[in-house]
Amino acid sequence: MEERLAEEIRLLKEKYPNLQFGEKYAWVMIPDFSLPEGYNRKITRLLFLIPGSYPQGSPDNFYVDVGLKFANNNLLTSYSEGAQIPIQGAWGCFSWHPEVWQPSAEIQKGDNLLTFMKSVNLRLREMN
């Protein structure tokens, strides 16, 4: 699995060059993730954990710097603060998981960390 994760991290780094990851690929963090318009900030740290069941099991939830809101100060749905994760700092958690997760032995023919991040981007663009 580590070989597969190393390749998927390489693919993610093409899109997110400042990406960081934990020991044995336990987590992935994008320290300068650009948020779509409509939020109270333009950039946040974004983190997700990689489950031990990966790639059969998808990442579940993603985390951002605490205090994220819409620019009009409305609160976000499926978001809570005070998440306890293995990275220091104050984090907010989006309860999020892909509706369909179909990995393949060939990384680019099925779901992977890049498709998970595409789903995160879509979630953040929902603006609710």
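Now for a look at the structure at hand. All values derive from a computational prediction rather than experimental measurement.

Turning our eyes to something else, we now look at the sheet that holds strand 4 (residues 62–65). Read from one edge of the open sheet, six strands run 1-2-3-4-6-5, paired in antiparallel fashion. Looking at which strands have only one partner, the edges of the open sheet turn out to be strand 1 (20–21) and strand 5 (79–81). The sheet contact formed by strand 1 and strand 2 (residues 27–34) spans two bridges and is antiparallel. Note on strand 2: the bridge partner recorded for Phe-21 is Val-28.

The subject of this paragraph is helix 1 (residues 2–15). The end-to-end C-alpha distance of helix 1, which contains 14 residues, comes to 20 Å, matching closely the 20 Å that a straight helix rising 1.5 Å per residue would cover. Taken as a whole, helix 1 has its buried residues at Arg-4, Leu-5, Glu-8, Ile-9, Leu-11 and Leu-12. Looking straight down helix 1, one finds that the buried residues subtend no more than 160° of arc, so they occupy a single side. Turned more than 90 degrees away from the buried face of helix 1, the exposed residues are Glu-3 and Glu-14. Its buried side turned inward, helix 1 meets strand 1, strand 2, strand 3 (43–49) and helix 2 (113–125).

Attention now goes to the nonpolar core. Judged by nonpolar contacts, the single largest core of 29 residues is most densely connected at Leu-46, Phe-48, Phe-62, Met-117 and Leu-124. Listed by contribution, the elements that provide at least two residues to this core are helix 1, strand 2, strand 3, strand 4 and helix 2. Looking at which element gives the most residues to this core, the answer is helix 2, with five residues. Among all residues touching Met-117, those that are not within four sequence positions of it are Leu-12, Tyr-16, Ile-30, Phe-33, Leu-46 and Phe-48. The next biggest cluster of nonpolar side chains, apart from the first, holds nine residues, and it includes Ala-83, Ile-87, Trp-91 and Cys-93.

Conventions and cut-offs
- Residues numbered from 1 in each chain as written.
- Predicted model: local features only at pLDDT ≥ 70, side-chain atom pairs only at ≥ 80, totals over all residues.
- Heavy atoms only, no water.
- Pairing = 2+ DSSP bridges.
- Helix = DSSP H or I, 4+ residues; strand = E, 2+ residues; numbered from the N terminus.
- Expected span 1.5 Å × (residues − 1).
- Buried < 20%, exposed > 50% of the residue type's maximum accessible area, 1.4 Å probe, protein only.
- Arc of directions from axis to C-beta.
- Contact = heavy atoms within 4.5 Å.
- Core = buried A, V, L, I, M, F, W, Y, C linked by side-chain atoms within 4.5 Å.

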